Structure formats: C-alpha cells, structure tokens
Amino acid sequence: LAVMFAAPAFAADNLDISGSFRTRLWDYDSKGFVDDADENYFDQRMRVKAKIKASDQAYVVIRADMGDTQWGNGFDGVIARPGAQADNYRQAIDFDRLYGHYETETWSVRVGQQYLGLGVLEVLDANTTAINFRLKMGAVEPSLIYGKVEENGSVNDDGANDDTNLYAINLSFDI
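All values derive from a computational prediction rather than experimental measurement. (Residues numbered from 1 in each chain as written. Predicted model: local features only at pLDDT ≥ 70, side-chain atom pairs only at ≥ 80, totals over all residues. Heavy atoms only, no water.)

*Asks:* Got a sec to walk through the side chain of His101? Specific residues and values, please.
*Replies:* With respect to the helices and strands, His101 occurs in strand β4 (residues 93-103). With sequence-adjacent residues up to four places away left out, His101 is seen in contact with Gln57, Ala58, Tyr59, Ser108, Val109 and Arg110. (Helix = DSSP H or I, 4+ residues; strand = E, 2+ residues; numbered from the N terminus. Contact = heavy atoms within 4.5 Å.)

Structure follows, in structure tokens:
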C-alpha cells in the first residue's frame, strides 16, 4: 500500500534551509590493543540548519542535531518510540548554533552560540556563547572575541561565584 501526499511549496527569499541525515555502521576489532574490544554498532544523526536573512547585511542562524544516537541505546532491549525515556539525552534536540550576524564591507560581528576554532592547531575548538568582532583589513583579519565559558551557577559574581570568561584575539589569513 502506497500513499502519497502533495502540498503546495512556498518559497521565501529571506529563508535558507539545509540539512543532512547520516547513518553509519561501525565495525572494528581492537583485540590485542588497549581496550581489547570487538565492536559493531549503528549510529545516526539528522542535522537541520536555517539561515533567516533580515537584510543583505544581517541574518540569524539556527542549527540543530536531532536523534544523534546509537541504535538501540537507552531502551533496555525493549523496542520503544524514540524519546520515550526522558533521561535519554541522545534523543533530544541539540542546538549547537544560535547566533545573529551583521556584516559591512570593513567589519562583521557575530553574537550568540557559535563555533570558535582558534589557532592553526585549533587551540580552541568549541561551541560557545560569544561575541566575535572581525575586522576586514585585507590579507590579515583580526578578530576580537569575548566568550562566556561558565556563569558558575549564579549571576552573582562575588567570590566563589565568579564567572569564567574567554578573551581572545585571533588573526586569520588565507594561505
């Protein structure tokens, strides 16, 4: 039995949606090595990204991973609907990009949860909440970055509640 549904498609000039789905089979034998394991399993991930343009210079990006998990993990051997166990975080929706971006000919600023890869050897490789102000100066583009690493359990910053912040200057160039 095949059922097909058709609906009209609507396009918006200010919205770009993209995404990917992957399913992988892992099968490896590390017997005789450190963990001495023979492992095989499937995993999957659905990633969706939306870019909403307010103008040619300003946009917002939202990117989320859904169902990023190993098959059969978290259900104690019982077949169940995904997300049936509230404590199975791998069935949750994980937003890894949520930021606003504004750009001119000479500078750009990105504010919110974003990827920061700093340094040739990736001194920092993380998704973090930050402000990234980038100057477009020709071959070398310096970025001034402030990030909030940890609020430390309270917005009160006295004593033991003091925040952990990131301050960075990054120099980017094409080679």
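Now that the structure has been shown, the text picks up again.
*Asks:* Describe the side chain of Asp163, naming the residues involved and giving the relevant values.
*Replies:* One can find Asp163 in the loop between β7 (140-150) and β8 (164-173). Those residues in contact with Asp163 that lie beyond four places of it in its chain are Lys148, Glu150, Glu151, Ser154 and Asp157.

*Asks:* Which residues make up the pattern of salt bridges, and what values go with them?
*Replies:* In the structure shown here, the tally under the stated rule is ten salt bridges. Residues Asp16 and Lys53 are paired through a salt bridge, measuring 3.8 Å at the closest nitrogen-oxygen approach. Of this pair, Asp16 sits in strand β1 (residues 15-29) while Lys53 is found in strand β2 (residues 38-53), placing the two residues 37 residues apart along the sequence. You can call Asp16 partly exposed: its relative accessible area is 37%. Given a relative accessible area of 29%, Lys53 falls into the partly exposed group. Connected via shared salt-bridge partners are Arg47, Arg63, Asp65, Asp96 and Arg97. (Salt bridge = Lys/Arg side-chain N within 4 Å of Asp/Glu carboxyl O. Buried < 20%, exposed > 50% of the residue type's maximum accessible area, 1.4 Å probe, protein only.)

By themselves, these figures tell us nothing about what the structure is for.
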